[in-house]
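Listed below, chain by chain, are the residues.
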Amino acid sequence: QSELDLNDQVHGDEVLVLLVCGRADPIAFHTPEVCFEGQGYGLMADPIDERLQISPDARSVTIKAGRFRKLNSIVPELLEVAWTWGHGGSWEAPADARLTYASSRYLYKLYAVHAEGPAEIQSGEKVTEAFLRQSIPNLDLALFPQSER
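A quick note: this is a predicted structure, and the numbers were derived from the prediction, not measured.

Draft legend 1. Up close: the overall build of the protein. Helix and strand counts for the protein stand at five helices and eight strands. Looking at the protein as a whole, 42% of its 149 residues qualify as buried. Partitioning the contacts of the protein with sequence separation of at least 6, the portion at a separation of at least 24 is 61%. Working note: accessible area of the protein is about 8,400 Å², and carbon and sulfur atoms make up 53% of it.

As structure tokens, then:
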């Protein structure tokens, strides 16, 4: 498990990245809804499915995205979270990751988390999606052999 705090080189936004690799079943089962609720956050609405265009050659990945709010907090604390699972050279966010990856020997899980400020909330800017669009090609090079890409 690796957690990394990165800055988006284009916009200067801070993004917390969590990358986990392990047996598929526990990795697929433990979603942000479980993780963040255990830390006192509540999902503000059902996660949405997004398709991100990663490269000019029409390669895309699917992610899930949601906003979490710190419960019982006097000061509003909002997190923008995007997540996806990686296996076999691709990143996907299926409706049921546990079922989809049940026969897989390993699975990557990738979270991108950004603490939203008032400007982003008002503009609707999705910092985590922009960050993943930039980062996934580099992750592919590091994690997946050429034969899987």
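Draft legend 2. Molecular detail of helix α5 (residues 127-143). Across its 17 residues, α5 extends 23 Å between first and last C-alpha, which sits within 8% of the 24 Å expected from 1.5 Å per residue. The largest bend in α5 comes to about 40°, at S135, with the proline P137 one to four residues further on. Three or more residues of α5 are buried, namely V127, T128, E129, F131, L132, S135, I136, L139 and D140.

Draft legend 3. Summary view of the pattern of salt bridges. With the rule as written, the count across this model stands at six salt bridges. The partner of E116 in a salt bridge is R67, with the nearest N and O atoms 2.8 Å apart. Taken together, the positions of E116 in the loop between β8 (107-115) and α4 (118-123) and R67 in strand β5 (residues 60-70) put the pair 49 residues apart, joining distant regions of the chain. Overlapping salt bridges bring together E50, K126 and E129 as one network.

Draft legend 4. Layout of the pairing of strand β6 (residues 78-87). When you tally the buried positions in β6, you get nine out of ten residues, the bulk of the element. Two strands pair when backbone bridges link them, and β5 and β6 are joined in this way by six bridges, in the antiparallel orientation. Among the inter-strand pairings, F68 is bridged to a residue of β6, identified as L79. Both β6 and β8 contribute to a ladder of eight bridges, which runs antiparallel.

Draft legend 5. Geometry of the side chain of K109. By secondary structure assignment, the location of K109 is in strand β8. From its side chain, K109 meets the backbone oxygen of H30 in a polar contact 2.6 Å long. Apart from residues lying up to four places away in sequence, K109 is in contact with L18, L19, V20, I27, H30, T84 and W85.

Draft legend 6. Quick look at the environment of L18. Note on placement: L18 falls in strand β2 (residues 14-22). L18 sits 65 residues away from W83 along the chain, and the two C-alpha atoms are 9.4 Å apart.

Draft legend 7. Structural context of unusual backbone geometry. Unusually for a residue other than glycine, N72 sits at a positive phi of about 55°. When you line up the elements, N72 lands in the loop between β5 and β6.

How each quantity is defined
- Residues numbered from 1 in each chain as written.
- Predicted model: local features only at pLDDT ≥ 70, side-chain atom pairs only at ≥ 80, totals over all residues.
- Heavy atoms only, no water.
- Helix = DSSP H or I, 4+ residues; strand = E, 2+ residues; numbered from the N terminus.
- Buried < 20%, exposed > 50% of the residue type's maximum accessible area, 1.4 Å probe, protein only.
- Contact = heavy atoms within 4.5 Å.
- Areas by Shrake-Rupley, 256 points an atom, 1.4 Å probe, with all protein chains shown as cover.
- Expected span 1.5 Å × (residues − 1).
- Bend = angle between axes of the 7 residues up to and from the residue.
- Salt bridge = Lys/Arg side-chain N within 4 Å of Asp/Glu carboxyl O.
- Pairing = 2+ DSSP bridges.
- Polar contact = N/O pair within 3.5 Å; in protein donor to acceptor, adjacent residues only side chain to side chain.

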